[in-house]
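Examination of the molecular architecture
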Amino acid sequence: MFVEINSLRMCYLLVLLLLVAYGLVVFYTSSFFLSLELTGNPNFLFFTRLNYLFLSFIAFLVFERISLDFLKKTIFPVLIVTLFLIMATFLAPSISGAKRWIFFQGISIQPSEIFKISFTVYLSAYLSKFDLRKNNGVSYWLKPMFIFAIFWVLIILQNDYSTAIYFAILFFIVLFVSNMAFSYVFAIVITFLPVSAIFLMLEPYRVSRIFAFLNPYEDPSGKGYQIIASLNALKSGGILGKGLGMGEVKLGKLPEANSDFIFSVLGEELGFLGVLFAISLFFLFFYFGYFIAINSNSRFKFFLAFISSLAIFLQSIMNILIAIGLLPPTGINLPFFSSGGSSIIVTMALSGLISNVAKNLSNN
């Protein structure tokens, strides 16, 4: 490791601040046209983002300073509350065919984002109870798999298939890292694949997305439009980009330019070097988060820091792969960069958990 234990937390916090600052700059340039079009004020969405960012820093401080023992003891009731919040989305209005949000006095909350925190803490607490070399039987894994399955199905029923796939990949990686027998991991994956395929085929638009991903130029003005527009934006950026604020793809040419495809705006305006800088920050974020985890003094802290780091890193990688045409377009946004109040607040809360674990490293 190229940093000392005592400076590990400072390096992590520096990378975190760079991601927040970089994300804010890119969000501003990607959102001003849409903001002008929707409200007549080019800065409206940016100021809304600042408000959510303020709340996210409060979330960071809360989760950085909260007692981890308290979290561990209260996580099951929190998980139950999260379950009811997700179920409440089925009573809320549908947006673009999906029921992912709860609305309260003009504020929208996405409970599946909250599930990132509650399931991270629950899984960390559960995995920390056992000696993984001795407790590796099927019965040991039934409880977390059953709980995960309930939430996973509910998220799919929200018509949020991409988020469900994201959680499944996250869960499988954690199972593998936790020393679960490979035969069990393999059996779970083999069971999961046909089930996910059935849910995929139940909605024709999901199947059409797969075909558009495989051959976007077959329908360049329809299903393949987003992929082609994203790739063209990235290619046009070259090495140095067109310049901050000078991109064209955000001017109505690419839907979701300030959310799902904000990475394409980044590539067009800041070029390969800007893209490389963003990717490097995400890798460093996971690198420092991982080393905070392995230098912690308990299994609970290890899993807490590791899963939190992995959740943010995996989401960023999936979004980037979508932007460069290596995954089908979905609703996975880019942490720290994309729009979404629930997303940035939860991302900073998870970051706070990592910092919480890091605070005591020098005392190990």
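See the structure above.
Rules used throughout
- Residues numbered from 1 in each chain as written.
- Predicted model: local features only at pLDDT ≥ 70, side-chain atom pairs only at ≥ 80, totals over all residues.
- Heavy atoms only, no water.
- Helix = DSSP H or I, 4+ residues; strand = E, 2+ residues; numbered from the N terminus.
- Buried < 20%, exposed > 50% of the residue type's maximum accessible area, 1.4 Å probe, protein only.
- Contact = heavy atoms within 4.5 Å.
- Areas by Shrake-Rupley, 256 points an atom, 1.4 Å probe, with all protein chains shown as cover.
- Lys, Arg positive; Asp, Glu negative; His and termini not counted.
- Charge placed at Lys NZ, Arg CZ, Asp CG, Glu CD.
- 1 Å grid on protein atoms, 1.4 Å probe; cavity = no way out; pocket = protein on both sides within 12 Å on 5 of 7 lines; lining within 4 Å.
- Points joined across faces, edges and corners; volume = space filled by probe spheres on them.
- Nonpolar A, V, L, I, M, F, W, Y, C, P; charged D, E, K, R; others polar.
- Expected span 1.5 Å × (residues − 1).
- Phe/Tyr/Trp six-rings, centres within 6.5 Å; stacked < 30°, edge-to-face > 60°.
- Patch = residues over 30% accessible without salt bridge, like charges linked within 9 Å, V, L, I, M, F, W, Y side chains within 5 Å.
- Salt bridge = Lys/Arg side-chain N within 4 Å of Asp/Glu carboxyl O.
- Core = buried A, V, L, I, M, F, W, Y, C linked by side-chain atoms within 4.5 Å.
- Axes fitted to C-alpha atoms, helices over the stretch in contact; angles between N-to-C directions.
- Parallel < 35°, antiparallel > 145°, perpendicular 65-115°, else oblique.
- Left-handed = near helix turned anticlockwise from the far one by under 90°.

Overview of the overall build of the protein
- On a plain count of helices and strands, the protein comes out with 12 helices and two strands.
- In the protein, the order of α-helices and β-strands from amino to carboxyl end is α-α-α-β-β-α-α-α-α-α-α-α-α-α.
- Seen along its three principal axes, the alpha-carbon backbone of the protein occupies a region of about 55 × 50 × 40 Å.
- Of all 364 residues assigned to the protein, the portion counted as buried reaches 50%.
- Across the protein, contacts joining residues at least 24 apart in sequence account for 74% of those joining residues at least 6 apart.
- Approximately 16600 Å² of the protein is accessible, and the part contributed by carbon and sulfur atoms is 70%.
- Counting 22 positive and 15 negative side-chain charges, the protein places the centres of these two groups 11 Å from one another.

Things to note about empty space enclosed by the protein
- Here the structure, examined in full by the defined rule, presents two cavities of 30 Å³ or more.
- Lining of the largest cavity is provided by Phe115, Lys116, Phe119, Thr120, Leu123, Phe167, Leu170, Phe171, Val174 and Ile307.
- Listed by contribution, the elements that provide at least two residues to the lining of the largest cavity are helix 4 (111–127) and helix 6 (161–177).
- Top contributing element to the lining of the largest cavity by residue count: helix 4, with five residues.
- Class assignment for the residues of the lining of the largest cavity results in eight nonpolar, one polar and one charged.
- Mapped onto the lining of the second largest cavity, the elements with two or more residues apiece are helix 11 (299–323) and helix 12 (341–358).
- Residues of the lining of the second largest cavity, tallied by class, amount to six nonpolar, two polar and one charged.

Considerations on helix 7 (residues 182–202)
- Taking 1.5 Å of rise per residue, the 21 residues of helix 7 would be expected to cover 30 Å, and the 31 Å separating its terminal C-alpha atoms lies within 8% of that figure.
- Those residues of helix 7 that sit buried are Val185, Ile188, Phe192, Ser196 and Phe199.

Comments concerning the packing of aromatic side chains
- Inspection of every chain in the model, using the stated rule, returns 30 aromatic pairs.
- Ring geometry for Tyr12 and Phe285: centres 5.5 Å apart, planes at 45°, overall tilted. Of this pair, Tyr12 sits in helix 1 (residues 5–39) while Phe285 sits in helix 10 (residues 262–294), and the two are 273 residues apart along the sequence.
- Looking at Phe285, the relative accessible area reads 0%, which means it is buried.
- With centroids separated by 4.3 Å and ring planes inclined at 15°, the aromatic side chains of Phe115 and Phe151 adopt a geometry described as stacked. Of the two residues, Phe115 is situated in helix 4 and Phe151 in helix 5 (residues 138–157); the sequence distance between them amounts to 36 residues.
- The class of Phe115 is buried, set by a relative accessible area of 1%.
- Residue classification places Phe151 among the buried positions, given a relative accessible area of 3%.

Description of a positive patch on the surface
- Taken together, the side chains of Lys72, Lys129, Lys143 and Arg299 make up a positively charged region of the molecular surface.
- Tracing the backbone shows Lys72 in helix 3 (residues 68–88).

Focus on the pattern of salt bridges
- The final tally for this structure, using the stated rule, is five salt bridges.
- Residues Glu64 and Arg9 are paired through a salt bridge, measuring 2.4 Å at the closest nitrogen-oxygen approach. Here the residue Glu64 occupies a position in helix 2 (residues 44–65), and Arg9 occupies one in helix 1, the gap between them amounting to 55 residues.
- For Glu64, a relative accessible area of 6% translates into the label buried.

A closer look at the nonpolar core
- Counting residues in hydrophobic clusters, the biggest one holds 108 residues, and the most contacted among them are Leu16, Phe285, Ile292, Phe336 and Phe337.
- Setting aside chain neighbours within four positions, we find Ile292 in contact with Leu8, Tyr12, Ala305, Ile354, Val357, Ala358 and Leu361.

Some details on the packing of helix 9 (residues 225–237) against helix 10
- Remark: helix 9 packs on helix 10, axes separated minimally by 6 Å, with the N-to-C direction vectors making an angle of 20°. Here helix 10 runs roughly parallel to helix 9, going by the angle between their axes. You can see that helix 9 and helix 10 cross each other, and the crossing is left-handed. Residues Ser230, Ala233, Leu234, Ser236 and Gly237 of helix 9 touch helix 10, and the partners they reach there are Phe263, Ser264, Gly267, Glu268 and Gly271.
- Among the residues making up the contact of helix 9 with helix 10, the classes are represented as three nonpolar, six polar and one charged.

What about the environment of Val20?
- Relative to the assigned elements, Val20 resides in helix 1.
- Here Val20 falls in the buried class, since its relative accessible area comes to 8%.
- In the structure, Val20 is positioned 328 residues away from Met348 in sequence and 9.3 Å away in space, judged by C-alpha atoms.
- Other than its neighbours up to four places away in sequence, Val20 contacts Leu53, Phe57, Phe336 and Met348.

So, to be careful, I would describe these as geometric facts and stop short of saying anything about function.
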